[in-house]
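Coordinates in review
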Amino acid sequence: QIEPLAKMAFVAGAQAGWVTGSNAGSVGCPKRCWRGGVRASPCGLRMAADGSVVGGLRRVVSGALAAGLIATAVLSPDPTSLTGGDVLTPLPARAAQGGGTTFSGSSQRVNKDAESLLRWGLPIKNKEVRELQRDLENITYDIRQREWNKVEDDLRKALGVAKGKGQKILAAVAQERREQAQDILDLVLDKIPMVREAVASKDADRVVELQRDVLRDVGRIEDLMVKEFPFKIPEEYASLPRLLGRATVEIKIAKADGQQFDINGTLYKDGTITMVVDGYNAPLTAGNFVDLVNKGFYDKMPIIRSDGFVVQTGDPDPDGELDGYIDPQTKAVRTIPLEVFARGDKEPTYGLTLEEDGRGAAQTVLPFSSYGTVAMAREEFTNDSASSQFFWFLFEPDLTPAGRNLLDGRYTVFGYTTEGAFFLKDYKAGDIVVSAKVVDGLDNLVTSS
């Protein structure tokens with residue numbers, strides 16, 4: 001039993017540098033460290049071409065074991081590709097806390113809200129609207145602790161920004177959209193006092209409901225600030241579909257046996273979820289996905305994996321060798337490059353993990369920090385092998401903290417589940433995608449045909 005575990009730990013430890021001894025923090029890149037038919041890593045582990053692990057087992061830390069179980073056993077298109085057919089149960093592990101995208105910049109406040117992550121992912125630079133957003137989002141944390149005075153202070157600050165800095169917010173919107181933005185800002189000014197009334201009555205549920213409504217208005221203003229697509233996609237990918245903006249996709253799934261979904265005692269005939277697909281940060285991945293949805297590719301396709309870590313679908317031939325979309329023009333599987341947008345960069349990194357790019361500690365604009373994060377599956381050792389299979393990540397903060405796991409920077413996140421995420425826990429292998437459709441943003445899709 002130790003062989004497959006050690007192999008997975010090696011992959012995780014070597015790629016992420018989660019190793020002990022004098023080489024801790026170094027990187028063993030699978031593309032650059034083949035020597036004499038043996039894959040060698042700085043941590044002292046070696047893996048032969050046949051996949052067997054040679055030596056150095058004591059030097060792998062328990063964190064790498066857990067990360068390897070998640071990253072290699074779960075996310076490659078073939079769930080048994082690294083274990084010789086063995087099905088492994090992940091070992092419990094205690095992971096480091098903190099990191100990831102945050103509301104306020106504090107490493108202790110991991111942002112797990114899909115809509116917030118999407119707002120922060122917009123390519124805008126207006127400080128005043130970000131200040132307004134941050135003040136309103138801070139309510140999320142303060143109300144959990146029933147810190148009513150802090151919640152009131154958050155609202156007071158937000159109202160001050162909306163009133164005192166409203167013109168600076170509007171100035172960031174193109175002239176032809178400014179009147180629309182003014183109308184939305186007026187709504188924000190009207191709604192903040194309503195939130196304060198709910199705070200005065202200490203009605204937490206009502207506060208959260210109104211806060212989310214106001215934040216959606218703020219997000220609408222931020223959407224209006226985006227004036228053009230923020231970067232040029234490399235010419236080498238000109239033949240691939242791209243999404244120059246965002247799109248909303250609705251997926252309806254039914255039980256294979258005709259039973260209903262049972263969510264905390266409530267029965268549903270089908271489980272419908274809504275996802276926002278983000279082309280600003282992953283235009284090729286999002287474009288590929290929206291193109292396939294629009295073609296009806298995912299309709300009637302089964303869920304192929306549901307194991308508590310991910311729910312995965314998109315394999316057109318689960319029992320055969322074909323595992324991607326065949327381009328009718330080339331007659332070959334269409335693949336897309338790994339596409340990772342690091343925070344602070346001006347464009348995505350293509351074809352390399354952030355670890356391989358020498359930036360393993362860098363955080364991504366779209367992190368694996370929200371339940372229902374949407375990402376592409378790919379072959380473990382081939383970065384540019386994603387085609388049609390994608391997965392929903394079932395975020396567990398204690399085991400896979402945002403910014404400190406082996407998923408961020410290694411797999412392409414291209415969206416988040418914004419509605420119906422509670423269905424994910426009841427999706428099972430064999431359940432069927434009844435339909436997948438683009439309900440908004442199809443006009444942002446650009447194809448070569």
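Residues numbered from 1 in each chain as written. Predicted model: local features only at pLDDT ≥ 70, side-chain atom pairs only at ≥ 80, totals over all residues. Heavy atoms only, no water.

Attention now moves to empty space enclosed by the protein. Scanning the model with the defined rule gives five cavities of 30 Å³ or more in all. Its boundaries defined by the atoms lining it, the largest cavity holds a volume of some 80 Å³. Residue composition of the lining of the largest cavity, by class: six nonpolar, four polar and two charged. (1 Å grid on protein atoms, 1.4 Å probe; cavity = no way out; pocket = protein on both sides within 12 Å on 5 of 7 lines; lining within 4 Å. Points joined across faces, edges and corners; volume = space filled by probe spheres on them. Nonpolar A, V, L, I, M, F, W, Y, C, P; charged D, E, K, R; others polar.)

On average, residues of the protein carry a pLDDT of 80, and 74% of them reach 70 or more. Note on residues 69–74: pLDDT is under 50 here. Beyond four places in sequence and across chains, it has 29 contacts. (pLDDT = per-residue confidence, 0-100. Contact = heavy atoms within 4.5 Å.)

What follows is about a nonpolar patch on the surface. On the surface, Leu322, Ile326 and Val333 cluster together to form a nonpolar patch covering roughly 190 Å² of accessible area. In this structure, isoleucine 326 sits in the loop between strand E11 (310–313) and strand E12 (339–340). Judged by relative accessible area, which is 35%, isoleucine 326 ranks as partly exposed. (Patch = residues over 30% accessible without salt bridge, like charges linked within 9 Å, V, L, I, M, F, W, Y side chains within 5 Å. Areas by Shrake-Rupley, 256 points an atom, 1.4 Å probe, with all protein chains shown as cover. Salt bridge = Lys/Arg side-chain N within 4 Å of Asp/Glu carboxyl O. Helix = DSSP H or I, 4+ residues; strand = E, 2+ residues; numbered from the N terminus. Buried < 20%, exposed > 50% of the residue type's maximum accessible area, 1.4 Å probe, protein only.)

When its volume is computed, the second largest pocket comes out at roughly 660 Å³. Lining the second largest pocket we find 22 residues, and of these Leu118, Asp223, Arg246, Thr248 and Val276 sit closest to its centre. Looking at the lining of the second largest pocket, the elements that each hand over two or more residues are helix H3 (114–120), helix H8 (204–225), strand E6 (246–254), strand E9 (271–278) and strand E16 (413–419). No other element matches the five residues that H8 contributes to the lining of the second largest pocket. In terms of residue class, the lining of the second largest pocket is made up of seven nonpolar, seven polar and eight charged.

It is worth spelling out the environment of lysine 112 at this point. Relative to the helices and strands, lysine 112 resides in the loop between helix H2 (62–73) and H3. Under the relative-accessibility criterion, lysine 112 is labelled partly exposed at 40%. With 256 residues separating them in the primary sequence, lysine 112 and phenylalanine 368 have C-alpha atoms 8.8 Å apart.

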